[in-house]
Amino acid sequence: MEYSGRNQTTPQANCCSPTLKVFIGLLAFCYFTKSLTGAYTKSTITQIERRFEIPSSTVGIIDGSFEMGNLLVITVISYFGAKFHRPKIIGAGVLLMGIGTLLMALPHFLMGRYMYDTAATHTNDPDNFTVSSTFSSDTQNTVQQLVSGNLKGEVESSPTWGIVLFGNILRGIGEASIGPLGMSFIDDYARPENTAFYIGCLHTIGGIGPIFGYSLGSLCASLYVDIGLVNQESVTITPQDSRWIGAWWLGYVVSGLLTLLAALPLWFLPKSLPENPQTSKAYHPSTEHKHTLSITEIAKDFWPSIKHLFTSGIYILYLICSVLAFNAFVISITYTPKYLEQQFGQSASKTNFLIGVMSIPPVALGMFLSGWIMKRFKLGLLGSARLMFFTSVTSLVCIIPYFALSCENIDVAGITVPYQRTFEVQYVSHDLLTSCNAGCPDFLWDPVCGQNGVTYISPCHAGCNSTLGTRQNMTFHGCTCIQSWGLTSGNSSAVLGQCSRESSCTKMFYIYLALQSLAFFVYCLGTVPFFLISLRIVDPMLKSLSMGIFLLVLRVFGGIPAPICFGALIDTTCLKWGQNKCGERGACRMYDIETFRYLFLGLVSSLQAFSYTLLWIFTTQIKKKVQYDEKMSKDIELQYPMLRDPEQENNIK
């Protein structure tokens, strides 16, 4: 396979050729579909965890698989892709992303219908609804009635989550070409002062994608997983229930088709654009080679180029502080929906919708203004570093109030509160059963809310012996465990579902989203400098490779371990695990939200604080470098006045 330099063309006077504008528009659409799918994937974390009955650590592996696929090829694509037809390589990558996205929806069509356990349907089939109208007054008989048929507290588990993981790996492989090749292509053919603005526009469009991604996630989460196959009225659980699973697969079909549509036009763009004297840079693809090069000749400089990057102290320092910040960022965007659901008791549908409409627009606005600020004030390397440091520290200050916005764990008998007021819960596994419910299986999870305001993990554990009503309107009566709180038999009933949280939780939920929107906006004002610095602190010939290595390191040390390790930490806060048909541990039904809060907020803020300390050191090093370059420039100017280049000075200030 061979590569040849760009054909010589007549220079054009206009600052941005129509073909470059078309390329930027198509690349922006790719950014849109990429971020839409990425946001939708984050919104389905809880749904996937429940559908496949897997812990948060395994879901973290699925989420990190995108980065795994990306790192497999990003270095090679960044280096070799810059030598060949960049638009076509990007198009091939986007095509692969679309195929991978569609593949992620495949397990839904391979698995059977979702079966959940509830006392309201002994057949465990929403379309075959039957209810036992009375229970024996004897507790042991009550237990037998509750667990009769298929009601064993076990739900279907499937290894087909591996297909979701593989599809996400394909997405990561396809995405590897978009950032490095796309931004370097723009930087090669756009005027220096316009590059930052164009990159800012790309990220702005990319920031709009999550609005639609989370909105799509909200819509799909509100639809029952087997929509079209079951009667919705026969479903006895609500979106607030920890057993609820929305139509998680539907969004992958929509976003996958949209991604395929984005890939096609890129195949029809030219390999290079007409040269423009106003867009000339220190390095330009057309001037690198005047003769045809074989791939062997191109490859011989690969390792020396890698060595050159990793022997640059300032580049390594920037990598380290970026990795720490990226770890915090990945943890935040991956588990924020789950955190809000657990902390404030909100449904996945409502959480995803409000994240999409309240938090993502400030992100898009911040990214756009980031590029505009860079263009308006013509910020060079030092100005970019200062802007990034200021926005990062300010956003860290904005998240401090998060620690005060919290709700208490709901009262669940035998887990967070005792069955009787006079006893304290010390060992959760030993306190699920008491004299009023002896014989109940401890793996059941079919919560009911008693008149005493306490949640019981099933009617059996509440000691109930009779029922009235059907489906979601079913009530349980004669619950002896509720009577142990001192209530009379006439007041010892329970209804399906967990007890509601205190009203202040909803208010704090909205306050949290408002503060999050402000923090996201301020943080995203530094988005363009974040990427542009990695292009400007290296030799111009290594721009694409620098960006590729930069993204590779972020994924290896941030994108992959962060969701997996933090997912494992979340698992340690679980108070009640589900159980699959194999008798193994399934998805978590209830978390200790106080410990969850301190883990989530504490780890994110600590990583950010450490990162921004290193960023301050990086900024001071950039300042010294700029001062040294200015001094050398003045010395040369005194000796050779005709060599002065005002534009070069602007690029480093």
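Worth saying up front: this structure is predicted, and the values here are computed from it rather than measured.

Strand order in the open sheet made by the five strands is E5-E4-E8-E7-E6, with antiparallel pairing throughout. Sheet topology places strand E5 (455-456) and strand E6 (466-468) at the edges, where each strand pairs with a single neighbour. Bridging between strand E7 (residues 475-477) and strand E8 (residues 494-496) involves two bridges; their strand directions are antiparallel. For Phe476, the partnering residue across the bridge sits in E8 and is Ala494.

Within the fold, Leu405 resides in the loop between helix H16 (381-398) and helix H17 (428-431). For the pair Leu405 and Ile511, spaced 106 residues apart in the sequence, the C-alpha separation amounts to 8.0 Å. Look past the residues within four positions of Leu405 in its chain and what remains in contact with it is Tyr339, Phe344, Met508, Ile511, Tyr512, Leu515 and Arg597.

What follows concerns the state of the cysteines. Taken as a whole and assessed by the stated rule, the structure comprises six disulfides. Shown here is the disulfide that connects Cys436 with Cys481, its sulfur atoms set 1.8 Å apart. Disulfide Cys436-Cys481: the torsion about the S-S bond is 100°, which places it as right-handed. Taken together, the residues span a long stretch of sequence, with Cys436 in the loop between H17 and strand E4 (448-450) and Cys481 in helix H18 (residues 480-483) at a distance of 45 residues. Look at Cys481 and you get buried, because its relative accessible area is 0%. Between Cys440 and Cys460 runs a disulfide, and the two sulfur atoms are separated by 1.9 Å. When the S-S torsion is -95°, as for the bridge of Cys440 with Cys460, the disulfide is left-handed. Within this pair, whereas Cys440 is found in the loop between H17 and E4, its partner Cys460 is found in the loop between E5 and E6, the two being separated by 20 residues in sequence.

What follows deals with unusual backbone geometry. In this model, Glu53 sits at a positive phi of 50°, which is unusual for a non-glycine residue. Along the polypeptide, Glu53 turns up in the loop between helix H2 (45-51) and helix H3 (56-80).

We now examine the side chain of Ser242. In this structure, Ser242 sits in the loop between helix H9 (192-222) and helix H10 (248-263). Given a relative accessible area of 7%, Ser242 falls into the buried group. A distance of 2.7 Å separates the side chain of Ser242 from the side chain of Trp445, its partner in a polar contact. Setting aside residues up to four positions removed in sequence, Ser242 forms contacts with Arg50, Trp445 and Arg589.

With that settled, consider helix H7 (residues 161-175). For H7, which comprises 15 residues, the first-to-last C-alpha distance of 21 Å matches the rise-based estimate of 21 Å (1.5 Å per residue) to within 8%. All of the buried residues along H7 are Val164, Leu165, Gly167, Asn168, Ile169, Leu170, Arg171, Gly172, Gly174 and Glu175.

Our focus in this paragraph is a negative patch on the surface. A surface patch of like charges, here negative, comprises Glu408, Asp411, Glu502 and Glu594. Its location among the elements puts Asp411 in the loop between H16 and H17.

On the surface, Leu95, Ile99, Trp267 and Phe268 cluster together to form a nonpolar patch covering roughly 430 Å² of accessible area. Counting through the fold element by element, Ile99 comes out in helix H4 (residues 86-104).

On to the packing of aromatic side chains. Inspection of the entire model under this criterion finds 25 aromatic pairs. Where Trp372 meets Phe377, the ring centres are 6.4 Å apart and the plane angle is 85°; that geometry is what we call edge-to-face. You can call Phe377 exposed: its relative accessible area is 51%. Through pairs of rings, three or more aromatic residues link up here, namely Tyr335, Tyr339, Phe344, Tyr402, Phe509, Tyr510, Tyr512, Phe566, Tyr591, Phe596 and Phe600. In this structure, Arg376 packs its charged tip against the face of Phe377, placed 5.4 Å from the ring centre.

Reading the values: rules and limits
Residues numbered from 1 in each chain as written. Predicted model: local features only at pLDDT ≥ 70, side-chain atom pairs only at ≥ 80, totals over all residues. Heavy atoms only, no water. Pairing = 2+ DSSP bridges. Helix = DSSP H or I, 4+ residues; strand = E, 2+ residues; numbered from the N terminus. Contact = heavy atoms within 4.5 Å. Disulfide = S-S within 2.5 Å. Buried < 20%, exposed > 50% of the residue type's maximum accessible area, 1.4 Å probe, protein only. Polar contact = N/O pair within 3.5 Å; in protein donor to acceptor, adjacent residues only side chain to side chain. Expected span 1.5 Å × (residues − 1). Patch = residues over 30% accessible without salt bridge, like charges linked within 9 Å, V, L, I, M, F, W, Y side chains within 5 Å. Areas by Shrake-Rupley, 256 points an atom, 1.4 Å probe, with all protein chains shown as cover. Salt bridge = Lys/Arg side-chain N within 4 Å of Asp/Glu carboxyl O. Lys, Arg positive; Asp, Glu negative; His and termini not counted. Charge placed at Lys NZ, Arg CZ, Asp CG, Glu CD. Phe/Tyr/Trp six-rings, centres within 6.5 Å; stacked < 30°, edge-to-face > 60°. Lys NZ or Arg CZ within 6 Å of the ring centre and 35° of its normal.

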